[in-house]
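Residue strings, one per chain:
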Number of protein chains: 2
Amino acid sequence: MSTESDQSAGDHDTACRHVLPVFHATHAARMRTIDFPVGAERGRLLETIASALSSHRDPIIAAAADETALLPAELAPEFDRMVGTLRMFSALVADGSWVHAAIDTPSGSAIGPTHDVRRLLVPLGPVAVFSASNFPLAYGVCGGDSASALAAGCPVVVKEHPAHPRTGRLLADIVAAAVGPDFVGYLENRDPADFGVAELLVPSVCAVGFTGSTGGGAAIQLLASAAPVPVPIFAEMGSVNPVIVTNAAAERRGRAIADELADSILSRFGQQCTCPGQILVPPGDGGDALVQRLAERIAGAGGRDMLAPWIRDAYVQRVDEVQRCRGVRLLARGRAKDGARGAAACLLSVDDLYIRPDDEVKNVFSQDGLRDEIFGPAAVVIRTFPDMLGDVQPRGSLTVSVYADGADDPDVEDLLDPSAPAGGSLSIAGRVIFNGPPTGVRVATAMVHGGPFPATNRPDTTAVGPRAIERWCRPVCFQNCPDALLPPELQNANPRGILRTLNGVPTRDAIA
Amino acid sequence: MSTESDQSAGDHDTACRHVLPVFHATHAARMRTIDFPVGAERGRLLETIASALSSHRDPIIAAAADETALLPAELAPEFDRMVGTLRMFSALVADGSWVHAAIDTPSGSAIGPTHDVRRLLVPLGPVAVFSASNFPLAYGVCGGDSASALAAGCPVVVKEHPAHPRTGRLLADIVAAAVGPDFVGYLENRDPADFGVAELLVPSVCAVGFTGSTGGGAAIQLLASAAPVPVPIFAEMGSVNPVIVTNAAAERRGRAIADELADSILSRFGQQCTCPGQILVPPGDGGDALVQRLAERIAGAGGRDMLAPWIRDAYVQRVDEVQRCRGVRLLARGRAKDGARGAAACLLSVDDLYIRPDDEVKNVFSQDGLRDEIFGPAAVVIRTFPDMLGDVQPRGSLTVSVYADGADDPDVEDLLDPSAPAGGSLSIAGRVIFNGPPTGVRVATAMVHGGPFPATNRPDTTAVGPRAIERWCRPVCFQNCPDALLPPELQNANPRGILRTLNGVPTRDAIA
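Residues numbered from 1 in each chain as written. Chains lettered and ligands numbered in written order. Predicted model: local features only at pLDDT ≥ 70, side-chain atom pairs only at ≥ 80, totals over all residues. Heavy atoms only, no water.

A word on the confidence of the model for chain A
All names here are of chain A. Residue-level pLDDT values for chain A average 88, and 88% of them are 70 or greater. Contacts for the low-pLDDT stretch residues 1-26, under 50 throughout, to residues beyond four places or in other chains number 57 contacts. Overall fold confidence (pTM) sits at 0.93, and the ipTM for the predicted complex is 0.93. (pLDDT = per-residue confidence, 0-100. Contact = heavy atoms within 4.5 Å.)

Listed below in C-alpha cells is the structure:
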C-alpha cells in the first residue's frame, strides 16, 4: 500500500476510486439502504477495523509523519487513541444500552392518555465527515467522528483532507480491505488543495461532522442552511482555551506552571484545538517569574514545519494581526525554520491590564484579532487578575484552565462557584480544568469535548467519548406496538439484555 | 384578575407591564444573573406555580375558551396536562438525577491521560418562548417549553400570542403573584396582531422555543442565524401525520377506524399539531366503506370558530390550494359557520393512486400543496397501498399511524421492520403509532414529540416528557477538580443522592 504515496491527488480518473466510483446522490441513496449490522455484529465490524489498523501501525504513522511533519512520538499516542476509540465504540454497541431505551407501560398515573410508549435512538443515515488537518488519525478517516457514526449505524463518507491525502487513502484502503466497501466511503480531492464541500451535501447525506476553522465551519453551515431539508452539522471550530493563574499559584510555583504551559503550547507545534491561547497572569513577583520563564521557553524553542503551507501562512498572518492590535507587544519568538511550511513559536503580551480603566480594557478586548484563536504555537499573556476573565474573553471555548493553590485559594472561589448562574465565570467552556493545561483529552464517558460558539456550533454535544455517538441519532417512540414488531431493544423479553428505563427506573430485567 | 380582560392589547404604556418594564438586552442580562434555586427548592418553585394555576382553574379555562373558541371540555384536559407537566418537572428536579452526572475516576484502562473527569448538565441561560396558538395552556405561558426551561434552571420570557393575549396575561399574572417577577417574563404585543420576534432575540437570550407554522419557524431561524452568536432554536412546525390502513384492517373494521379518525380530525376542530392530515386507504370494499363513513362524518360535522381570523383565512386558503392540486377532488364538506373565524371541516381525496404509473404518482406528490400541512379540520384520503408511503410522503412528520389487523397482518411487516435501515418506511416520524390516531400525546419518559424536518428543526429532541428539559442545557466537564469546588451532583459524597454513572455503571452510591 505504500505505492499509494506516488499517486497524484490531481488524477481525475482515480478520484474516489477506493469505494465510491463517483460520489453523488445515487451513491448516498444506496448507502441509505445498506444492511447495517446490529448489536454484537456491529461491534465486530468496529473491532475488525481497529485490528486492521493496528496491523498497519508503522506505515500509517510513517505516512502521517511524512505528510504532516508531526513527530512519530506525537503520532503514536494519537494512533493509540484512534484504535482505542474504535474499540470503545465496539464494546459500547456490543452491549447495546447506548440506545437509551425507555419503556412506559400503561399506568394510572400517566399525564394524558395511558398508551404504552417505548423509545430508543435510531441512526440518522449516511454521515459526511470533514476530517481535521491536525489529527490525521484521531480525527481522520477512522477517527472519532467516523467511529461514532459507524457505531450509531450510519455509513460514513470522508472528504479527503488536502493536508494528508496519502494518509487518508492508506486508511481508507485498509478499511475497505478489512470490511468491504459499504461502510466507509472516501472522496478524494479533484485538485491538490481542494476544500470543496458542496459535493458532499447531497440530499441523502443526513448529517455532517466537521473539524476545522471557524470560517470553514461557517461555510458548511451556509451551504447546509440553503438545502431544502436542513441536516444537522456538528462543527468543531476555533477555541482560545484561556488559562487563569491565581496569585497564590503564581507565587508558589510560577516557574513550574510556565514549563507546563510551554510544553502544552509546543506539543504538536501548537496545532491543537486545545492549545492554550490566552494566559491570564496576575501582577507581582510570582507572575513576573512565570512570564519570564515562559518567554525563555518560547524563545528557546526550535522552529518546525507546520501541517501545510497554507496553515503556516495563516499562522504567520494571525500572529501579525494580533501583534498589530492595540496594547499588544511581542514578548518572545522562537528560532525560525525556513521553507514554505517553516515557522517559529511566539509569545505575545497585553500588559498591566489591571491598572487600566474599564473602558480601555473593553477597547482592547473588543478587537476581534485578540479574541480569535491563533492556530499554531503562539499564546497571548495577559497581565491581569483572575476575575477579569469575563471581560477578556466572553466567547465560547473548548476549555478553561485554572491554576490555583488548592481548593482554599481565595481567588478560586468566585471562579469555580458551581452555584453561580450558569456556572459563573467559567461558563464559557465545555471543560473546566483544575491545575492542568488544556491539551490532553481523556476519552471517557464524562468527557466533554465541545463548548459554546465559536468553539463549536453545538455546545449540547461532545466530539470525544461514548456520548459522541448521540450526534448521529434521533429518538423514535413506538406507541401500543405489538411486541413482535418492536425493535429487540424495546421488546418485553429484553433479548439483548440491555440497560433500559422501565417506568423511570433503570433495569436490565425483562417485563413479565 | 378578570379585569385584565378589559385592557387593550394595543396599549403601549402597559406593554410588558407584568414583569418586564421594557424587555431589552439589559433586562435579559439581568435574568442571566438571577440566583436560580436548585434541587428541591427548584422543585418547590415549579410546584408553587402549579398550585397557583390550579387554584385559578375555572377563570383560566373560561378565558382561554372565550378567546380561542376551544371548548371548555377540550381545555380541561389541556389544563390538567399543563399542571401535570409542571408537577412532573417539579419531581424531576427535586430528585436531581436529570443532570446525567457521570464520573470517571483515574483508571489504568483510560484512553489518553488518566484525568479525573466529571460531567453534568448546566442551564444555558434565559430562554425565549414563542407559545402556540392552538394550546394556550399546555404550550402557553406555563406550558411545556416554559416548564422544562424553568426546571433546567433557565429564566423564561414568553412572547404574547396574538390569538390569546388575555389568557396569556392572566397566566403571567398568576405566576408573578405566586413566585415573583424573576423567573417568568411576559412580553405583550405592541399591536393586536404582532408577530414580531426581533425584540426577543437579544444577545442575552440563550435559546428559543417556538411552536407554530413552518413559515414562522423559518423566520425565527433566519433572524437567529444572522446573530453574532447563534443560539439554539427548537421549533415545532408543520406535520401531516400520515395514517396508513392495511387491507386487512380496512376489511375487518373500516367503519370503526373511520369513526376514530373523524373524532381525531374534529377534536379541537383540527387545530392540533398531531391532526391526521393524510390517510392512506387501500382499494377494495373495506377501504370503500371506511372512506364512505369518514365522508359521512365530515359532512355531518358542524361548523366552528377557529382560533383566530387569520388562522381561519389561512385554513380556507390551504384547502383551496389542495383542492386545486392535480388529481385532488373534494369528498365532503361539513356545515359552514358564519363570521370572520367560522369554518367548515372538509375531506379531500386523491383516488386510485395504485393504478397509476410511477411517474404520475411522483407528479401528483411533487406538488407542495399536497405535501404541506393543512392547519385545521381537513384531511386528504389517498387511495393506495400501504407500501406507497415513501412515495406519497417523503417528508418528516411528528407521527405516523398504522392501522393493522394485529402483528400478523402481512401488510405491516414491511412497514414496521425495525431492522430495516433507519427504521424502514416509518423512519419519517418521531412517533410510530399502532392502531390509533395521532392525537393524544402521553407525557412520559419514552414519549417523543418531535420528528424530522419540517415537523421540527431538531429531530434529536422532544418537546414533551421529562427529556424536554435537555433542550435548555449543555454538558460541562470538570477535570481534576477538588471535591469541595465541584457542584454537589459531582462530589464524592453524592450529597443529593442522585443517580450517577461511576466509571460507566449507574449508582446512587457515594465514592469512598
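Resuming the write-up.
Some words on the pattern of salt bridges
Per the counting criterion, the structure on display carries 58 salt bridges over all chains. We note a salt bridge from Glu296(A) to Arg293(A), for which the minimum N-O separation is 3.3 Å. Placement of both Glu296(A) and Arg293(A) in helix α9 (residues 285-299) is noted, with a separation of three residues, approximately one turn of the helix. The class of Glu296(A) is partly exposed, set by a relative accessible area of 39%. The shortest N-O distance in the salt bridge between Asp259(B) and Arg293(B) comes to 2.8 Å. Note that Asp259(B) is positioned in helix α8 (residues 247-266) and Arg293(B) in helix α9 (residues 285-299), a separation of 34 residues in sequence. Residue classification places Arg293(B) among the buried residues on the basis of a relative accessible area of 17%. Within the structure, one salt-bridge network assembled from shared partners comprises Asp259(A), Asp263(A), Arg293(A), Glu296(A) and Arg297(A). (Salt bridge = Lys/Arg side-chain N within 4 Å of Asp/Glu carboxyl O. Helix = DSSP H or I, 4+ residues; strand = E, 2+ residues; numbered from the N terminus. Buried < 20%, exposed > 50% of the residue type's maximum accessible area, 1.4 Å probe, protein only.)

So, the packing of helix α3 (residues 57-68) of chain B against helix α4 (residues 72-95) of chain B
Residue and element names in this part refer to chain B. Contact pair α3 / α4: the axes reach a minimum separation of 10 Å and the direction vectors enclose 130 degrees. With respect to each other, α3 and α4 are oriented oblique. Where α3 crosses over α4, the two elements pack in a sense that is right-handed. The segment α3 lies against α4, with Arg57, Ile60, Ile61, Ala64, Ala65 and Thr68 engaging Pro72, Leu75, Ala76, Phe79 and Asp80. In terms of residue class, the contact of α3 with α4 is built from eight nonpolar, one polar and two charged. (Axes fitted to C-alpha atoms, helices over the stretch in contact; angles between N-to-C directions. Parallel < 35°, antiparallel > 145°, perpendicular 65-115°, else oblique. Left-handed = near helix turned anticlockwise from the far one by under 90°. Nonpolar A, V, L, I, M, F, W, Y, C, P; charged D, E, K, R; others polar.)

Remarks on a nonpolar patch on the surface
All names here are of chain A. Residues Tyr354, Ile355 and Phe385 make up a contiguous nonpolar surface patch of roughly 290 Å² in combined accessible area. As for its position among the elements, Ile355 is in the loop between β13 (346-350) and α11 (358-365). Take Ile355: its relative accessible area is 60%, and that puts it in the exposed class. (Patch = residues over 30% accessible without salt bridge, like charges linked within 9 Å, V, L, I, M, F, W, Y side chains within 5 Å. Areas by Shrake-Rupley, 256 points an atom, 1.4 Å probe, with all protein chains shown as cover.)

Digging into the sheet that holds strand β15 (residues 397-403) of chain B
Judged by pairing direction, the sheet is mixed, and its 12 strands sit side by side in the order β19(A)-β18(A)-β1(A)-β2(A)-β17(A)-β16(B)-β15(B)-β8(B)-β9(B)-β14(B)-β13(B)-β11(B) without closing on themselves. For this open sheet the edge positions go to β19 (505-507) of chain A together with β11 (328-333) of chain B, each flanked by a neighbour on one side alone. Mean inter-strand twist for the sheet, computed between neighbouring axes without regard to direction, equals 25 degrees. Bridge count for strand β13 (residues 346-350) of chain B against strand β14 (residues 378-383) of chain B is five bridges, and the pairing is parallel. The partner of Leu347(B) across the bridge, within β14(B), is Ala379(B). Running at roughly 55 degrees to β11(B), α9(B) makes contact with β8 (242-245), β9 (278-281), β11, β13 and β14 of chain B of the sheet. (Pairing = 2+ DSSP bridges.)

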